[in-house]
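# Analysis of the macromolecular model
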Amino acid sequence: MMLNNKLTTNPIDASELSFEAFKTIVIEDYKIAFESRQASLLGRKEVLTGKAKFGIFGDGKELPQIAMAKAFKDGDWRSGYYRDQTFAFATGICTMKEFFAQLYANPDVEADPASAGRQMNCHFSTRSLNEDGSWKDLTKMKNSSSDIAPTGGQMARLVGLAYASKLYRKNPELDYLKNFSVKGNEVAFGTIGNASTSEGVFFEAINAAGVLQIPMAISIWDDAYGISVPAKYQTTKEDISEVLKGFQRDDQNAGYEIYKVKGWDYPALCETYQQAIQVCRNEHVPVMIHVTEVTQPQGHSTSGSHERYKDKSRLAWEKEYDCLRQMRMWMLESAIIDEEQLTALENTAKIFVREAQKEAWNEFLADIKIEKDEAVKMINNLAVSNPLLGKITGTLANTPDAQRKEIISSARRALRITRGQPSAERDLLMDWYYGERARNEERYNSKLFNDGKESISTISITEASYHDDNKMVDGREVLNACFDANFARDHRLVAFGEDLGAIGDVNQGFAGLQAKYGELRITDTGIREMTIIGQGIGLALRGLRPIAEIQYLDYLLYAINILSDDLASLSYRTKGGQKAPLIIRTRGHRLEGVWHSGSPISMILGSLRGLHLCVPRNMTQAAGMYNTLLRADEPALVIECLNGYRLKEMMPDNVGEFTVPLGKAEIIREGADITIVSYGSTLRVVEEAAEELALMDISVEIIDPQTLLPFDTDHQCAASLKKTNKLLIVDEDVPGGGSAYLLQQILEVQGGYYHLDGQPQTLSAKAHRTPYGTDGDYFTKPSVDDVIETVYSMMHDHNETKYPAIY
């Protein structure tokens, strides 16, 4: 039985519909809503019987989502959360069988197009990309950006998705991008629970959209609770639309249109959404639809029961005002359908949902059963010579719904037991295991990056070129010329951030460029780091090439949740279905003071796998990295050196064309006695120290990795250690921070450990932040004196006679 039909609902225009046509639409809406409720009920049972790990559902929100779906058109975007299953069914974004495939974590992208089993149920996403990583025609699709579970996190990217429509409408230079917009008519629909409106990112996003005046439609599902915590602990006045009345537009001031409607009132919901989205789409005015009196029949999730925290009167009210019950009563009272027809419809819907669930479960198990049978057969063949294996195969064979964990674990145990016992049967099992390991790597560990036809690895390398009479200029001027050339080359480029526009950023990298390219392309923003990043994610999802500026690296902390939860995991959690080639530009490292001297590299390395991390030592290297990134389609963070903007560098002839390869380390000083690996601002410290060390007859080899993600893919560091046999890591992170990562990469990944003749060492900053003043910097971060004496001490340990102790 084929159960992949796409369910869709249609808008209601009473002026053009006959009563019969009206009845048909209403009945279909109820059918979709009822099927969605059955999916919630059955999904919970599947979790409680152990077939799925966890379940979270959208029961109680069915009617508002039906109404919202009626206003959702091809080309529109959704940025929602895990209660939106009815909307997904009604728009065709997800089928019933795909819903259950995700619940079972089916790793087949055909079964679960949203995430290939990588996200729990009700995390929806459409596939924006072809298999080669190129864009589909997004104007002919109903689009959903990939959901994330952290509450409120969807709000940041929602700003960018809506802002893209403004840019497509206002900037005629983008008219050629026919696959992404039709004159900016697309609305970005957001959804959020009432409790999550307490999050800071919600207020950031609401304010940003009001300032920008963009077609953003935010729906708030208000069921009066946040898990067990009632609204009186969540929201002032227990009413978010009351709190936000100041955002309502008037004759003198731009702002929002704010609507309030009950979640069980089907006719009012349809009318409200039709009116709100028409204003939003046509006028590019943000709208807020506060849907109140929503219920949650099964409680928050499969982790517990809402009877624990709702009293009897609340539970009775929720039963009475369940939106499906209210719609059912209204349909009968309005003679839209009779009881017999309605009961038949409901019975058919129950059968449909159950069949979809069974088909999804059987398809999930089909490949696994083949793998299980293969493993049992091969281990049994091996057991002829080793009876200890019989228990393994017996247990596996008698596990009716065994999953890959049990199968692969059984094979590994069999191989361990038979170590040192070569046989043809063991070789067959070994070959099978290696094959399955590769397949499971693709199923569960692939697509950290999209790896499409515009990936970083496909960008050709062009060296910077110079003439003898090239000028020495401030480093900031090299950056400025680079950005100028790229903005002239590619109309998709936009840049925004605090102080970026009118003054060209605090360090003048964009000086004069807003006047040249206009405010739509180079824009100042408010102080709102989370939504600066979200603005970039949304624009990138819609085919533009944003550069989002975070003024100082220390302030990246205020956006780390959006960067980590959303951007860094986007390609992975959609298995290459979506991409957001956002570049985050910031500056850090060497400066004075607690808040402008940061090098929190270990935090970045731990949080942002899925982004490239570029740490250029000067502005020429930074320019080359930007030239590379702006020709590729992968996200990156570029950390410029705060103390390098006014240092002199030679202006390249091809400042907008030369490219720096990512992951390629550079030897910037050759030496024979010790290898020092450093990056960013500390490289200048190391270079200065190397001059004095040379006078002490110590030859230092200095390696700049240039990027930390990826790191030294050609293993230059290990090659250097073959020659010097000594290693020092110098960086500005806390002790055991970024330096620990560098050691792991060099000693473990590259095998550098085997070339050492002494203990490798690290020289980092102190555990605290840098105090203000020159002395604060000197006594906190690695100094020239520190580098000289650390290297000398290592050489003293190696040869006390040649290098007598200093102290």
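Notes on the structure follow. Treat the numbers as computed from the prediction; the structure is a model and nothing was measured.

Here we come to the overall build of the protein chain. Each helix and strand counted, the protein chain has 26 helices and 22 strands in total. Computed over its C-alpha atoms, the radius of gyration of the protein chain comes to 30 Å, within 12% of the 28 Å expected for a compact globule of 807 residues. Along the three orthogonal principal directions, the C-alpha set of the protein chain runs to about 100 × 85 × 50 Å. The burial tally for the protein chain puts 60% of its 807 residues in the buried class. Taking as baseline every contact in the protein chain between residues at least 6 positions apart, the subset at least 24 positions apart corresponds to 79%. Total accessible area on the protein chain stands at roughly 32200 Å², and carbon and sulfur atoms take up 51% of it.

Turning our attention to helix 14 (residues 424-445). Its 22 residues place the ends of helix 14 31 Å apart at the C-alpha level, agreeing with the 32 Å of an ideal helix rising 1.5 Å per residue. Along helix 14, the residues classified as buried are Arg426, Leu429, Trp432, Tyr433, Gly435, Glu436, Asn440 and Arg443. The elements touched by buried residues of helix 14 are helix 11 (339-383) and helix 13 (404-417). Looking one or two residues beyond helix 14, the residue adopting positive phi is lysine 447, at roughly 65 degrees.

With that settled, the discussion passes to the state of the cysteines. Here the structure, examined in full by the defined rule, presents zero disulfides. Looking at cysteine 270, it has no disulfide partner, and the nearest cysteine sulfur is the one in cysteine 323, 12 Å off. Owing to a relative accessible area of 10%, cysteine 270 belongs among the buried residues under this scheme. Here cysteine 614 is not disulfide-linked; the sulfur of cysteine 482 is the nearest cysteine sulfur, at 12 Å.

A word on the pairing of strand 10 (residues 493-497). Counted residue by residue, strand 10 has five buried out of five residues, so it is predominantly covered. Neither face of strand 10 is exposed, since Leu493, Ala495 and Gly497 on one face and Val494 and Phe496 on the opposite face are all buried. Bridging between strand 10 and strand 12 (residues 545-549) involves five bridges; their strand directions are parallel. Bridge pairing in strand 12 links alanine 495 to isoleucine 547. Looking at chain direction, strand 10 and strand 11 (residues 522-524) are connected through three bridges and run parallel. Across the sheet, the residue bridging to phenylalanine 496 is threonine 523, located in strand 11.

Per the stated rule, a full pass over the model turns up 29 aromatic pairs. Aromatic side chains phenylalanine 247 and tyrosine 256 sit 5.9 Å apart centroid to centroid with 90 degrees between the ring planes, which places their arrangement in the edge-to-face category. Here phenylalanine 711 and tyrosine 741 contribute two aromatic rings whose centre-to-centre distance is 6.3 Å and whose plane-to-plane angle is 75 degrees, an arrangement assigned as edge-to-face. Of the two residues, phenylalanine 711 sits in the loop between strand 20 (707-709) and helix 23 (716-724) while tyrosine 741 sits in helix 24 (residues 738-749), which places them 30 residues apart along the sequence. Residue class for phenylalanine 711 comes out buried when judged on its relative accessible area of 6%.

Position of serine 699 among the secondary structure elements: in the loop between helix 22 (682-695) and strand 19 (700-704). Between the alpha carbons of serine 699 and alanine 672 there is a distance of 5.4 Å; along the sequence they are 27 residues apart. With sequence-adjacent residues up to four places away left out, serine 699 is seen in contact with Glu670, Gly671, Ala672, Asp673 and Ile674.

Sheet architecture is open: seven strands sit in the order 11-10-12-13-15-14-20, paired in mixed fashion. Edge positions in the sheet fall to strand 11 and strand 20, since each has one partner strand and no second. On average, adjacent strands in this sheet sit at an angle of 20 degrees to one another, irrespective of strand direction. The strands touched by helix 15 (residues 475-489) within the sheet are strand 10, strand 11, strand 12, strand 13 (583-588) and strand 15 (636-641), with strand 10 carrying the most contacts at an inclination of about 135 degrees.

For the pair helix 5 (residues 154-170) and helix 6 (residues 200-212), the least separation of the axes is 8 Å and the interaxial angle reads 15 degrees. By the angle between their axes, helix 5 is roughly parallel relative to helix 6. In this structure, the crossing between helix 5 and helix 6 has a hand that is right-handed. Between helix 5, through Met155, Ala156, Val159, Tyr163 and Lys166, and helix 6, the contact on the second element is made entirely by Val201, Phe202, Ala205, Ile206, Ala208 and Leu212. Counted by class, the contact of helix 5 with helix 6 contains ten nonpolar, no polar and one charged residues.

Thresholds, definitions, all that
Residues numbered from 1 in each chain as written. Predicted model: local features only at pLDDT ≥ 70, side-chain atom pairs only at ≥ 80, totals over all residues. Heavy atoms only, no water. Helix = DSSP H or I, 4+ residues; strand = E, 2+ residues; numbered from the N terminus. Rg over C-alpha atoms; globule rule 2.2 N^0.38 Å. Buried < 20%, exposed > 50% of the residue type's maximum accessible area, 1.4 Å probe, protein only. Contact = heavy atoms within 4.5 Å. Areas by Shrake-Rupley, 256 points an atom, 1.4 Å probe, with all protein chains shown as cover. Expected span 1.5 Å × (residues − 1). Disulfide = S-S within 2.5 Å. Pairing = 2+ DSSP bridges. Phe/Tyr/Trp six-rings, centres within 6.5 Å; stacked < 30°, edge-to-face > 60°. Axes fitted to C-alpha atoms, helices over the stretch in contact; angles between N-to-C directions. Parallel < 35°, antiparallel > 145°, perpendicular 65-115°, else oblique. Left-handed = near helix turned anticlockwise from the far one by under 90°. Nonpolar A, V, L, I, M, F, W, Y, C, P; charged D, E, K, R; others polar.

Keep in mind these values describe shape, not function.
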